Amino acid sequence: MSKQAEENKEVIIDVKGLKKSFDQKEVLNGIDVTICKGDIVCVIGPSGSGKSTFLRCLNCMEDPTGGQIFFDGVDIADMSVDINIHRQHMGMVFQHFNLFNNKTVLQNIMLAPVHTRTAALKKNKAASGYTSAAQIKAQAKEEAMALLKRIGLEDKADVYPSTLSGGQKQRVAIVRSLAMKPDVILFDEPTSALDPEMVGEVLDLMREVAREGMTMIIVTHEMGFAREVANRVLFIDGGRILESGAPETFFAAPKNPRLKEFLSKVL
Amino acid sequence: MDGFGRKVERFLQFFAEYGGYRKVLEGLQNTLTIAVLGLIIGILIGTVIAAVRVVPKYKMLPRILNAVCTFYVGLFRGTPMVVQLLIFYYVLLPILGMNMTGVQVSIWVFGLNSGAYISEIMRSGIQSVDPGQMEAGRALGLSFSTTMLQIVIPQAVKNILPTLGNEFIALIKETSVVSFVGATDLYVAFSYIGSNSYEFMVPYLVMAMIYIVLVVAITLLIKVMEKQLGKSDRRK
């Protein structure tokens, strides 16, 4: 990507001096990173390096203990902002899928859109763009079925998640976050809890989502995937970003000695 | 056994002819009303307290509420139900200048008392639900209370249903103390038959049987509910 194109892109997340400590233990020691619209950022690093904590701080799943996170220009690390509003524009996919066990697949996908849109309707009917609760439901169902069709699971709409395979669960989890039409999706080791044979189907879906221009931040151990899909790779160790760059140079010519050591072990 | 036959006869006579059945029906109705309404109030109070206890405590308000709940649970678990009934009926009502029947007081005391117990049951139920469920709801932009009501509590209730059933059974049986505040329950009804017929053996045996039938019926009901709620579950 040329310098010119880089500058033209719109910044969506701007992290400044992000710190996080649990009790006395410092996990993140000042992270600065800027993420633009359409970026596919892969975050790699040894376990315990703070990469998952970094991701979970981005939507305040963990409350940062210092620094700022500007999302669409608003500092969401500030405890006084209504984080729920911002999370509606920032999807998250978990290592253990976390589908709602008491809801069917279809309900899993519909729940958040129906709920947030109904709340918007109640608050201000004119501004919400919806006419009635029934219309919201019908539309959400239509969208959810289209998403299920896309991942080939429309026949699973009315089953409970416990009957799905790991790969199916994770694909449903991904379309569940897509249903909210987010600006960014955060992936927290999305394939780490999967059987090896199911990793492919999940990565395929992620590739597809990436191609459509979704901004994605992915904590992963899949180096091949990072090299192929990412336009930027971050290496985190000891709570800091030690190296970042385009995957070609990042993997082929790493500069940081820790990264060299890490890559020699995992590649 | 001849004597026993006569006793049964005598009981039936008082039960049918001298209005004993009316007393028993009234007692049965009160027992069930107190236990059912008490359980409902208890579940509402218990759920609220349990929710307060699991709210993240960054801010001042949750901390104050938590302290209030701890006090409440300590108070109601720390005194016997009879003592609570007596204090409500003979101390609090006159002070507040309120007029309530023994049954009404019993419903409230049973509700408040079981609320304290159910809050602990509910809390362990909520904590038994995978934290990832709450995280997934919050990550989608749903509020803490929405996620709690839509996702966590339904799963918690499923987990604690057998324990909740035990609590209901305990409530049914404990209604036998409401006679302390002048409410007619099964015990009062059968004592009435006993003391009028000078014959206590059969009435008390019949009373025991009615309690057993009630408890078995509730047990079956809970089994059916568990099966219904178990639809989303793999363990059968």
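Structure: see above.
Residues numbered from 1 in each chain as written. Chains lettered and ligands numbered in written order. Predicted model: local features only at pLDDT ≥ 70, side-chain atom pairs only at ≥ 80, totals over all residues. Heavy atoms only, no water.

A.B. asks: Would you take a moment to explain the overall build of chain A for this structure?
C.D. replies: When you go through chain A residue by residue, the secondary structure sums to eleven helices and ten strands. Dimensions of chain A, computed from C-alpha atoms along their principal axes, come out at roughly 60 × 45 × 45 Å. Among the 267 residues that make up chain A, the fraction classed as buried is 55%. A separation of at least 24 residues holds for 67% of the contacts in chain A among residues at least 6 apart in sequence. Carbon and sulfur atoms provide 49% of the accessible area of chain A, an area that totals close to 11900 Å². Of the charged side chains in chain A, 33 are positive and 34 negative, and the gap between their average positions amounts to 3 Å. (Helix = DSSP H or I, 4+ residues; strand = E, 2+ residues; numbered from the N terminus. Buried < 20%, exposed > 50% of the residue type's maximum accessible area, 1.4 Å probe, protein only. Contact = heavy atoms within 4.5 Å. Areas by Shrake-Rupley, 256 points an atom, 1.4 Å probe, with all protein chains shown as cover. Lys, Arg positive; Asp, Glu negative; His and termini not counted. Charge placed at Lys NZ, Arg CZ, Asp CG, Glu CD.)

A.B. asks: For this particular structure, what's the right way to read the environment of V219(A)?
C.D. replies: Residues and elements named next belong to chain A. Considering the arrangement of structural elements, one finds V219 in strand β8 (residues 215-219). Taking C-alpha positions, V219 is 25 Å from L148, a pair spaced 71 residues apart along the chain. Leaving out residues up to four positions away in the same chain, V219 has contacts with V43, K51, S52, L55, F187, D188, E189 and P190.

A.B. asks: Can you help me understand unusual backbone geometry in this one?
C.D. replies: The general pattern is negative phi for most residues beyond glycine and trans for most peptide bonds. All names here are of chain A. Phi at C60 takes a positive value of approximately 60°, unusual for a residue other than glycine. Topologically, C60 is positioned in the loop between α2 (51-58) and β4 (66-71). With phi around 55°, D72 is a residue other than glycine that occupies positive phi space. With respect to the secondary-structure elements, D72 resides in the loop between β4 and β5 (74-75). Here D72 falls in the partly exposed class, since its relative accessible area comes to 44%.

A.B. asks: Teacher, can you tell me more about the nonpolar core here?
C.D. replies: Most often, soluble globular proteins have nonpolar side chains that are buried together. Ranked by size, the top nonpolar core spans 51 residues in total, and within it I44(A), I109(A), I174(A), M206(A) and M216(A) carry the most contacts. Every residue in contact with M206(A), bar those within four places of it in the chain, is listed here: I174(A), F187(A), P190(A), M216(A), I218(A) and F225(A). Listed in part, the 48 residues of the second largest apolar core include A50(B), I172(B), V178(B) and V181(B). (Core = buried A, V, L, I, M, F, W, Y, C linked by side-chain atoms within 4.5 Å.)

A.B. asks: Looking at this model, I keep getting lost on the pattern of salt bridges. Mind explaining?
C.D. replies: Two side chains carrying opposite charge are able to pair once their charged atoms lie near each other. All names here are of chain A. Tallied over the entire structure, the rule returns 17 salt bridges over all chains. In this structure, D39 and R232 form a salt bridge, with 3.7 Å as the shortest nitrogen-oxygen distance. Highlighted residues: D39 in the loop between β2 (25-36) and β3 (40-44) and R232 in strand β9 (residues 232-237), separated in sequence by 193 residues. Grouping residues by exposure puts D39 and R232 together as buried. We note a salt bridge from K51 to E189, for which the minimum N-O separation is 4.0 Å. Of this pair, K51 sits in helix α2 while E189 sits in the loop between β7 (184-188) and α8 (196-211), and the two are 138 residues apart along the sequence. Residue class for K51 comes out buried when judged on its relative accessible area of 3%. (Salt bridge = Lys/Arg side-chain N within 4 Å of Asp/Glu carboxyl O.)

A.B. asks: Looking at this model, I keep getting lost on the layout of surface pockets. Mind explaining?
C.D. replies: Here the idea is plain: a probe the size of a water molecule rolls over the atoms and shows the empty space left. In this structure, the largest pocket occupies an estimated 980 Å³ of space. Lining the largest pocket are 31 residues, with D63(A), P56(B), Y58(B), R138(B) and F144(B) sitting closest to its centre. Those elements that provide at least two residues to the lining of the largest pocket are α3 (83-87) of chain A together with α5 (102-128), α6 (131-139) and α7 (144-174) of chain B. In the lining of the largest pocket, the residues fall into 19 nonpolar, three polar and nine charged. (1 Å grid on protein atoms, 1.4 Å probe; cavity = no way out; pocket = protein on both sides within 12 Å on 5 of 7 lines; lining within 4 Å. Points joined across faces, edges and corners; volume = space filled by probe spheres on them. Nonpolar A, V, L, I, M, F, W, Y, C, P; charged D, E, K, R; others polar.)

A.B. asks: Sorry if this is basic, but what is going on with the interface of chain B and chain A here?
C.D. replies: Where interface size is given, it is often the accessible area lost as the parts come together that is meant. Listed as interface residues are 22 residues of chain B and, on the opposing side, 28 residues of chain A. Across the chain B/chain A interface, buried area totals approximately 2100 Å², and carbon plus sulfur atoms make up 56% of it. Between chain B and chain A we count one salt bridge in total. Along the contact surface separating chain B from chain A lie ten residue pairs in polar contact (both at pLDDT 80 or more). Looking at the side of chain B that touches chain A, the elements that each hand over two or more residues are α6 and α7 of chain B. Looking at the side of chain B that touches chain A, the element that brings in the most residues is α6(B), giving seven residues. Taken together, the residues of the side of chain B that touches chain A sort by class into seven nonpolar, nine polar and six charged. (Buried area = accessible area lost by both parts, 1.4 Å probe. Polar contact = N/O pair within 3.5 Å; in protein donor to acceptor, adjacent residues only side chain to side chain.)

A.B. asks: Can you walk me through α6(B) in this structure?
C.D. replies: An α-helical turn contains 3.6 residues, so any two residues separated by three or four positions project in the same direction. The buried count for α6(B) comes to seven of nine residues, which makes it a mostly enclosed element. If you follow the buried residues of α6(B), they end up packed against α3, β6 (90-93) and α7 (166-178) of chain A together with α7 of chain B. Positive phi shows up at G141(B), right after α6(B), with a value of about 95°.

A.B. asks: How should I be thinking about a nonpolar patch on the surface in this particular structure?
C.D. replies: A contiguous nonpolar surface patch, about 740 Å² in accessible area, is contributed by V83(B), I87(B), Y90(B), V91(B), L92(B), I95(B), L96(B) and M98(B). Judged by relative accessible area, which is 33%, V83(B) ranks as partly exposed. (Patch = residues over 30% accessible without salt bridge, like charges linked within 9 Å, V, L, I, M, F, W, Y side chains within 5 Å.)

A.B. asks: In this structure, what is going on with the sheet that holds β7(A)? I would like to understand it.
C.D. replies: Each strand in a sheet pairs with its neighbour through backbone hydrogen bonds, running either in the same direction (parallel) or in the opposite one (antiparallel). Residue and element names in this part refer to chain A. Reading across from one edge, β6-β7-β8-β3-β9-β10 is the order of the six strands in this open sheet, with mixed pairing throughout. In this open sheet, the two edge strands, each paired with only one partner strand, are β6 and β10 (240-245). Along the sheet, successive strands turn relative to each other by an average axial angle of 20°, direction set aside. Here β3 runs beside β8; their pairing, made up of four bridges, is parallel. When the bridges of β8 are listed, V41 appears paired with I217. Relative to β7, α2 is tilted by about 150°, and along the sheet it contacts β3, β6, β7, β8 and β9. Along the sheet face, α7 touches β6 and β7 and points at about 175° away from the line of β6. (Pairing = 2+ DSSP bridges. Axes fitted to C-alpha atoms, helices over the stretch in contact; angles between N-to-C directions.)

Structural measurements only, silent on function.
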